[in-house]
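# Commentary on secondary and tertiary structure
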Amino acid sequence: MLNAYTDIAVFMTVAILFIMISLLLSRLLRPHHPESGKLATYECGKTPFGDARVRFKIRYYIFALVFLVFDVELLFLYPWAVTLDDLGIVALAEAAVFLALLFGGLLYAWRKKVLEWQ
Amino acid sequence: MYLAATSSLPLRLYQWTEQLFTDLGLPLWLLAVLVATVKAALIIGFILINVIFLIWLERKLGGHIQNRLGPVYTGPFGLLQTVADALKVLVKEDIIPAAADRWVFMAAPLVAFVPSVMIWLVVPFAPGVQARDLNIGTLYVAAMTGCTVPALLMAGWSSGNKWSLLGAFRAGAQLVSYEVPLILATLAVVMLAGSLSLNDIIRAQQESTWFIFLQPLGFVVYLISAIAELNRTPFDLPEAESELVAGFNTEYSGFRFAIFFLTEYANLLGSSAIAATLFLGGWSGPFLPPFVWFLLKTYLFVFLAMWIRFTLPRLRVDQLMNLSWKFLLPVALINVLGTGVFVAL
C-alpha cells in the first residue's frame, strides 16, 4: 500500500499537468507575432534605460534574516504544542524559557532598530 | 442519511474498479495512483468553479459597496462574465520580454499555482470526505503557503523589469514577516486540539466549542496575517497598482497572467477553508448537511476578506512592517504562552 506522500506527489503532478495542458491549449489558439517593441521592457511607455537588476535596499535581507531565526524556532514549537497535554507543567516551564528567549531576541532587534523601515 | 447517499456511490465505484484491477492482474499501487489522480482532478474542478464564482462575487460586491452595479451584461446578473474573461485571456498573445530570464519566467506561475492546489489535499470537506488525512496537516499547510515567496521572487526577478523587482522584494519581505504570526496563531489551535491533523482539530472542536471562542486573540492575528499573506488590500503593496504598475506581474500577459490571477483566488479560497476548519469547527454544525456548513463558513471568510478589501486603504511599507513585528508577533507569542498555561494546567 502506498503512503500519504505518494498522494502529495500525485497532486503535484496533476496540478502541473493541468497548467501544462491549459498552456498548450492557449498556445494553439493564441496569435504569436513577436517584434522588438512588443518584447521591450515596460517602463510606462518610455524607452527603458539601464539594467533592471538594480541595487536594492539591504533592509529586505535583514528582515529575511530575522524571519529565518523565528521560523526555525517555530519548528521546535510544533512537537511541543502537540504533546503539551501529556507532558504538563514541566514542558510548559521549559517552553516558557524558550519563548522568553525568543521574546528577548525580538526586543533586542527592536532596540537595535533592526525593525525600523527607513 | 445524507452521508450514506453521498458516500455509497463512490464506494461502489471504488470496489468495482478494485475488482477490475484484480481481474486484469494490474498492481494495486496503480489503483492507489488512479484514485489519487481522480481526487486531484475533482479538487481542481472544485477550485475552478469556485474561483469563477469568487471573481464574479468580488466584482459584484465591490460594485455594490462602491455604489455601482458591477458586471451585468454577460449572463444572468453578469454571472458569466468570468467565463467570458477566461476565454478571452486564453486567446491573448503571450509575451515573454527580451530582457526576461526565459525559463524562470515561465516556471514562476507554475511554482505559484501548484501549492495552491496541494493545500486542498488535507482540507476536510465533510466527515470522511477528504483527499488524505495527513497527521502533520497544519504543518503541511504552512509549508505549502510558504511556497508563494519563491514563486513571487522568481516572477519579479526574472521579468527584468524594475517595477517587477521592487514588487517581488516587497512581496518577499511582507510574506515572510506575516508568516511568523500566522504560524504562531495556528500553533495555539494545535495546542488546544493536541494534534496537527485537521480532522482531529474539528473533532476537538465538536467536543468543546469552536476555537474562535477560546482563541479570540489568535483568531484576530490569524485573520490579519492571512489577508497579508494573500497580498490583498490593505496589504497589496507587492502589486500596488498606483505606484508599481502591477508589481511582480507587470510583464506577464495572456494565459500566464491568468495563472497568477487564478492562484490568487485559489489561495483566498484555500486560506478561508483552513480558517473555517481551525476556528469555526469546519463542517460541523446542526440541521444542514456538513458540506453546506463547510461552504458557508468558508464563504464567510471570503466575504470578510472582500469587505476589508473594499473598505480599508493601503498601508505604507513601514506601517506594514510595524504591524507585523511590533504588534502581531508579540501578541501571538503571548497568546501561545497563555494557551500553554490553559492547556497544561
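Remember, it's a predicted structure, so these values are computed and weren't measured experimentally.

Once that is clear, we can look at the domain arrangement of chain B. Residue and element names in this part refer to chain B. Structurally, chain B comprises domain 1 (1–91) and domain 2 (96–344). Contact residues are listed per partner, giving 21 residues for domain 1 and 27 residues for domain 2. Between domain 1 and domain 2 the total buried area reaches about 2300 Å² when both faces are included, carbon and sulfur atoms providing 82% of it. Between domain 1 and domain 2 we count two salt bridges in total. Put simply, Arg 309 and Glu 58 hold a salt bridge, and the shortest N to O gap is 3.4 Å. Applying the counting criterion to the domain 1 and domain 2 interface returns four residue pairs in polar contact (both at pLDDT 80 or more). For the side of domain 1 that touches domain 2, the secondary-structure elements that each account for two or more residues are α1 (2–24), α2 (28–65) and α3 (81–90). A per-element tally of the side of domain 1 that touches domain 2 places α2 first, with 16 residues.

Take the packing of aromatic side chains next. Residue and element names in this part refer to chain B. According to the stated counting rule, one finds 23 aromatic pairs over all chains in the structure shown. Judged by centre distance (6.4 Å) and plane angle (45°), the ring pair of Phe 125 and Phe 291 falls under tilted. Residue Phe 125 is located in the loop between α4 (102–118) and α5 (137–146), and its partner Phe 291 is located in helix α13 (residues 290–309); the two are separated by 166 residues in the primary sequence. The exposure class of Phe 291 is partly exposed, given its relative accessible area of 28%.

Let us look at the layout of surface pockets. The gaps left among the atoms become clear once a water-sized probe is rolled over them. All names here are of chain B. The volume enclosed by the second largest pocket comes to roughly 1100 Å³. Looking at the second largest pocket, it is lined by 40 residues, and the ones nearest its centre are Ile 55, Ala 258, Phe 261, Leu 262 and Tyr 265. Split into classes, the residues belonging to the lining of the second largest pocket amount to 21 nonpolar, eight polar and eleven charged. Here the lining of the second largest pocket gathers at least three residues from each of two domains, domain 1 (1–91) and domain 2 (96–344).

With that out of the way, let us pick up the interface of chain A and chain B. The interface is formed by 67 residues belonging to chain A together with 82 residues belonging to chain B. When chain A packs against chain B, the two sides together hide about 6800 Å² of surface, and 78% of this comes from carbon and sulfur. On the chain A side of the contact with chain B, A:Phe11, A:Arg53 and A:Tyr78 bury the most area, a combined 13% of that side's loss. Linking chain A with chain B are two salt bridges, by the criterion used here. Two residues, B:Arg132 and A:Asp7, come together in a salt bridge whose shortest N-O distance is 3.0 Å. Counting the contacts that link chain A with chain B gives three residue pairs in polar contact (both at pLDDT 80 or more). Listed by contribution, the elements that provide at least two residues to the side of chain A that touches chain B are α1 (4–29), α2 (36–39), α3 (59–87) and α4 (89–111) of chain A. The residue inventory of the side of chain A that touches chain B, partitioned by class, reads 50 nonpolar, eight polar and nine charged.

Per the stated rule, a full pass over the model turns up eight salt bridges over all chains. B:Arg59 is paired through a salt bridge with B:Asp85; the nearest N and O atoms lie 3.2 Å apart. Taken together, the residues B:Arg59 in helix α2 and B:Asp85 in helix α3 connect sequence positions 26 residues apart. The class of B:Arg59 is partly exposed, set by a relative accessible area of 36%. The partly exposed category is assigned to B:Asp85, whose relative accessible area is 27%. Ionic pairing is found between B:Asp200 and B:Arg203, a salt bridge with its closest N-O pair at 2.9 Å. Residue B:Asp200 and its partner B:Arg203 are located together in helix α8 (residues 198–207), separated by three residues, close to a single helical turn. A relative accessible area of 42% places B:Arg203 in the partly exposed class. Each member of the salt-bridge network shares a partner with another, and the members are A:Arg30, B:Asp94 and B:Arg256.

Parameters at a glance
- Per chain, residues are indexed from 1 in the order of the written sequence.
- Lettering for chains starts from A, numbering for ligands starts from 1, and both go in the order in which the items are written.
- Selection of residues for local features in this predicted model requires a pLDDT of at least 70, selection of side-chain atom pairs for listing and counting requires 80 or more, and totals for whole chains, interfaces and linings are taken over all residues.
- For side-chain calculations, the full set of non-hydrogen atoms in the structure is used, while hydrogens and water are omitted.
- Those domain boundaries reflect an automatic or database domain assignment.
- Contacts between residues were defined by any pair of non-hydrogen atoms, one from each residue, lying within 4.5 Å.
- Take the accessible area each of two parts loses on contact, using a 1.4 Å probe, and add the two losses: that sum is the buried area.
- Salt bridge, as used here: a side-chain nitrogen of Lys or Arg that lies within 4 Å of a carboxyl oxygen of Asp or Glu.
- Polar contacts, as used here, are pairs of N or O atoms within 3.5 Å; protein pairs need one atom able to donate a hydrogen and one able to accept it. Residues neighboring in sequence count only if both atoms are side-chain atoms.
- Secondary structure counts use DSSP, requiring at least four H or I residues in a row for a helix and at least two E residues in a row for a strand, with both numbered from the N terminus.
- Under the pairing criterion, centres of Phe, Tyr and Trp rings, with the six-membered ring standing for Trp, must be within 6.5 Å; the plane angle then separates stacked pairs below 30 degrees from edge-to-face pairs above 60, leaving the rest tilted.
- Burial classes follow relative accessibility: with a 1.4 Å probe on protein chains only, a residue under 20% of its type's maximum area counts as buried, one over 50% as exposed, and anything between as partly exposed.
- Method remark: on a 1 Å grid restricted to protein atoms, a set of points is classed as a cavity if a 1.4 Å probe fits but cannot get out and as a pocket if it is open with protein on both sides within 12 Å along at least five of seven lines; lining residues have an atom within 4 Å of a point.
- Grid points are joined across faces, edges and corners, and a volume is the space filled by probe spheres set on the points.
- Gly is put with the polar residues, along with every residue not named as nonpolar or charged; the nonpolar set is Ala, Val, Leu, Ile, Met, Phe, Trp, Tyr, Cys and Pro, and the charged set is Asp, Glu, Lys and Arg.

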